[in-house]
Amino acid sequence: MHQIIDGKKISAKIKEEVKAEVALLKEKGISVGLAVVLVGEDPASKVYVGNKKKACEALGIASFEYLLPESTSEDELLALVEKLNADKAVDGILVQLPLPSHLDEKKVINAISPDKDVDAFHPVNVGKIMIGNYTFAPCTPAGIIELIERSGISIEGKSCVVIGRSNIVGKPMSMLLLHKNATVTICHSRTKDLSDVVRGADIVVAAVGRAKFVTADMVKDGAVVIDVGINRMADGKLCGDVDFESVAPKCSYITPVPGGVGPMTIAMLMKNTVAAAKNKI
Ligand code: L34
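Summary of the structure given here. All values derive from a computational prediction rather than experimental measurement.

**Some words on the side chain of S151**
Link 1 in the chain: With respect to the secondary-structure elements, S151 resides in the loop between α6 (139-150) and β5 (159-163).
Link 2 in the chain: For S151, the side chain forms a polar contact with the main-chain oxygen of L147, separated by 2.6 Å.
Link 3 in the chain: Apart from the residues lying within four places of it in its own chain, the contact partners of S151 are I5, I10, E146 and Y253.

Structure follows, in structure tokens:
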């Protein structure tokens, strides 16, 4: 029988822990603040940014939301980042990705102070993750580690296959699993015999961005399957990168979409923001 890993439940627990920490800091006269910047009108991004604001409010974290028009210039965005870098009330800065195509994501990420980079996308923080000595782990991969460990699954020595090599998920995910002493393989669009590689995995993390990419024939009996995909179908429903219906019966554990990895990303963002606030002490 497979068990469904409930990301909503686990994220609620983490948020309770973070809320208690925020309250403790408040007693010491230390406030916690997060600035979230969204450029443009992407409907999915609006939902995610809205969820981040709600989480801040529920946890007692001050939320500074900047909803900028699609027409925002790079200079304007960089000027805002500079202002937030200097603002003592702001502990964390998050520029929601993807940015409209006229804005250079690399340049914008580079402008964020590494001390406030709660996404851990700045090259300094990426380097720290590589070395294994870091304050911020990127929210989605960090949330996945929590999902696995809080479900009582041990990572050490396991064969983990990450499908996808993005800077946001695939690459940092592989590093975090490696730090947990897993044997890690990264698959991508040029991987030969991808199905064979995935079939060898004890733990599969699917971050491809293609609906129902992982099918039952690709998954070993008893595997743990983590689905990072959020694909919007024509009927408006969300669908993961895993064909849940057919894959679930073969798994020991599987995450649903929605209600799996997504809520964990937000919980870990809250945790990183508190870590940033503690760092300024
Ligand atoms: N800078 N950009 C930056 N940082 C991030 O960490 C993100 N990400 C990804 C996109 N761009 C980013 C997010 O916040 C993805 N992401 C994210 C955040 C929250 C949720 C999903 C992705 C989420 O709340 N998911 C819900 C469903 C929401 C819905 O109904 O659409 C879930 O249960 O999966």
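**Some details on the nonpolar core**
Link 1 in the chain: The biggest cluster of nonpolar side chains holds 54 residues, and the ones touching the most others in it are L34, I61, I144, I155, L177, I226 and M270.
Link 2 in the chain: Among the elements that take part in this core, helix α10 (residues 261-279) stands out by supplying ten residues, more than any other.
Link 3 in the chain: Look past the residues within four positions of L34 in its chain and what remains in contact with it is C56, I61, A62, S63, F64, G92, I93, V118, L269, M270 and T273.
Link 4 in the chain: In this structure, V39, V95, L97 and L103 belong to the second largest nonpolar core, which totals 20 residues.

**Overview of the pairing of strand β7 (residues 203-206)**
Link 1 in the chain: What you see with β7 is no split at all: I203 and V205 on one side and V204 and A206 on the other are buried throughout.
Link 2 in the chain: Direction of pairing for β5 relative to β7: parallel, over a ladder of four bridges. The residue bridging V161 from the neighbouring strand is V204, located in β7.

**Things to note about the site of the ligand**
Link 1 in the chain: Of all residues adjacent to the ligand, which total 19 residues, the nearest are K52, V95, L97, D119 and G259.
Link 2 in the chain: In this structure, a nitrogen atom belonging to the ligand sits 2.8 Å away from a main-chain N or O atom of V95.
Link 3 in the chain: Between R232 and the ligand, the recorded distance is 3.0 Å, taken from a side-chain N or O atom to an oxygen atom.
Link 4 in the chain: When the free accessible area of the ligand is taken as 680 Å², the share hidden by the protein chains comes to 84%.
Link 5 in the chain: Counting residues per element, the ones that place at least two in the shell around the ligand are α2 (43-59), β4 (92-95) and α10.

Parameters and conventions
- The residue numbering used here restarts from 1 in each chain and proceeds along that chain's sequence as written.
- Only residues with pLDDT of at least 70 get local features here, since the model is predicted, and only at 80 or more are side-chain atom pairs given and counted; chain-wide, interface and lining totals rely on the full set of residues.
- The side-chain numbers reported here are obtained from all heavy atoms of the structure, hydrogens and water having been left aside.
- Working definition: helices are DSSP H or I runs of at least four residues, strands are E runs of at least two. Numbering for both runs from the N terminus.
- Identification of polar contacts relies on pairs of N or O atoms within 3.5 Å, with a donor-acceptor requirement for protein atoms, meaning one able to donate a hydrogen and the other able to accept it, and with residues adjacent in sequence counted only if both atoms are side-chain atoms.
- Throughout, a contact is declared for two residues whenever any of their heavy atoms are within 4.5 Å.
- To define a nonpolar core, start from buried Ala, Val, Leu, Ile, Met, Phe, Trp, Tyr and Cys residues and group those joined through side-chain atoms within 4.5 Å.
- Think of it in three bands: with a 1.4 Å probe and only protein chains considered, a residue is buried below 20% of the maximum accessible area for its type, exposed above 50%, and partly exposed in between.
- Should DSSP find at least two bridges between two strands, the strands are regarded as paired.
- If a single non-hydrogen atom of a residue is within 4 Å of a molecule or strand, that residue counts as near it.
- Note on areas: Shrake-Rupley, 1.4 Å probe, and residue coverage restricted to the protein chains presented here.

Taken by themselves, the reported measurements are silent on function.
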